[in-house]
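Below are the chains, spelled out letter by letter.
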Amino acid sequence: MAVLVAVGAFLMTVVGGVVAHRIGDRRHLVLGLAAGLMLGVVGFDLLPEALDAQPREVFGVPAALLMFVVGFLGIHVIERSVAIHRAHEGEYAAHSHGHARSHGHSHGGGSQGLGLAAASALVGHSVMDGFAIGAAFQAGSTVGTVVAIAVIAHDFADGFNTYTITRLYGNARRRAFALLACDALAPVAGAAITLAFTIPQGVLGLYLGFFAGFLFYLATSDILPEAHSPHPSLSTLLCTVAGTGFMWLVIGLAA
């Protein structure tokens, strides 16, 4: 079942890339909805399931909630480190481009490599998305279903960003579509990995807490700011609220 659902993530990733190729001025609404779905699954399903699976406390705090914070801070540290690296790369590129102009040389290949590195990181993240679907279905069909909905919605943004970032840094369209294909296949591979073993209940609770922090960071620090930066509109906010309410409805009906 998990692999079949991951195929849905595959299709949504492809759709995201194709939309990135053809998008008009409605991207902010899709991203706002995706962020709402992710917030709903974190607050209404992942954290309660994590606390049920791993009730042990560490120095007065539930271990699952500690992993939630670790997941949030872990992706924050990684993203900030990459951002600092990119800033240094940008400063170096600006200097070297100015120097190159005086000598009649160009360094466009470095920018292409940076785009490929960023897109490759998204592919790795998509493998973890598939792993999350498989792990969630091991926790139960309800949590598996809602995590799958959130991940599939999020994979639209992943496909969109993979294509956009690759093209943004000057890579050819063929290369952008090749990375999009890798990103689409990654969730299927991640879900297939979980078929090889069963995760112990306590470890599963810790993982669900960690993944909740990971999703919460993506929703609040990446997707929502990106949705509102070009269009700080009421319609985007309403899409986010609608996505959260939809997840509440799904979880309530499945309970």
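Residues numbered from 1 in each chain as written. Predicted model: local features only at pLDDT ≥ 70, side-chain atom pairs only at ≥ 80, totals over all residues. Heavy atoms only, no water.

Caption draft 1: Structural view of the side chain of Thr236. As for its position among the elements, Thr236 is in helix H8 (residues 234–254). Among the residues examined, Thr236 registers a relative accessible area of 0% and is labelled buried. A polar contact is formed between the side chain of Thr236 and the side chain of Ser233, at a distance of 3.0 Å. (Helix = DSSP H or I, 4+ residues; strand = E, 2+ residues; numbered from the N terminus. Buried < 20%, exposed > 50% of the residue type's maximum accessible area, 1.4 Å probe, protein only. Polar contact = N/O pair within 3.5 Å; in protein donor to acceptor, adjacent residues only side chain to side chain.)

Caption draft 2: Inspection of the nonpolar core at higher detail. Counting 42 residues, the largest nonpolar core has Val41, Val42, Leu46, Val147, Phe211 and Leu215 as the members making the most contacts within it. At the level of elements, helix H2 (27–53), helix H3 (63–103), helix H4 (108–139), helix H5 (141–168), helix H7 (201–228) and H8 are the ones that each hand at least two residues to this core. Here the element with the most residues in this core is H7; it accounts for 13 residues. Beyond its immediate stretch of four places on either side in the chain, Phe211 contacts Leu46, Asp129, Ala132, Val147 and Val151. (Core = buried A, V, L, I, M, F, W, Y, C linked by side-chain atoms within 4.5 Å. Contact = heavy atoms within 4.5 Å.)

Caption draft 3: Focus on a nonpolar patch on the surface. A cluster of nonpolar residues, Val58, Phe59, Val61 and Leu66, forms a patch on the protein surface that exposes about 400 Å² of accessible area. Tracing the backbone through its elements, the reader meets Val58 in strand S1 (residues 57–58). (Patch = residues over 30% accessible without salt bridge, like charges linked within 9 Å, V, L, I, M, F, W, Y side chains within 5 Å. Areas by Shrake-Rupley, 256 points an atom, 1.4 Å probe, with all protein chains shown as cover. Salt bridge = Lys/Arg side-chain N within 4 Å of Asp/Glu carboxyl O.)

Caption draft 4: Structural context of helix H6 (residues 173–193). A rise of 1.5 Å per residue sets the reference length of H6, with its 21 residues, at 30 Å; its end C-alpha atoms lie 31 Å apart and thus fit the reference within 8%. Approximately 25 degrees is the largest bend angle found in H6, and it occurs at Leu185, with the proline Pro187 only one to four residues beyond. (Expected span 1.5 Å × (residues − 1). Bend = angle between axes of the 7 residues up to and from the residue.)

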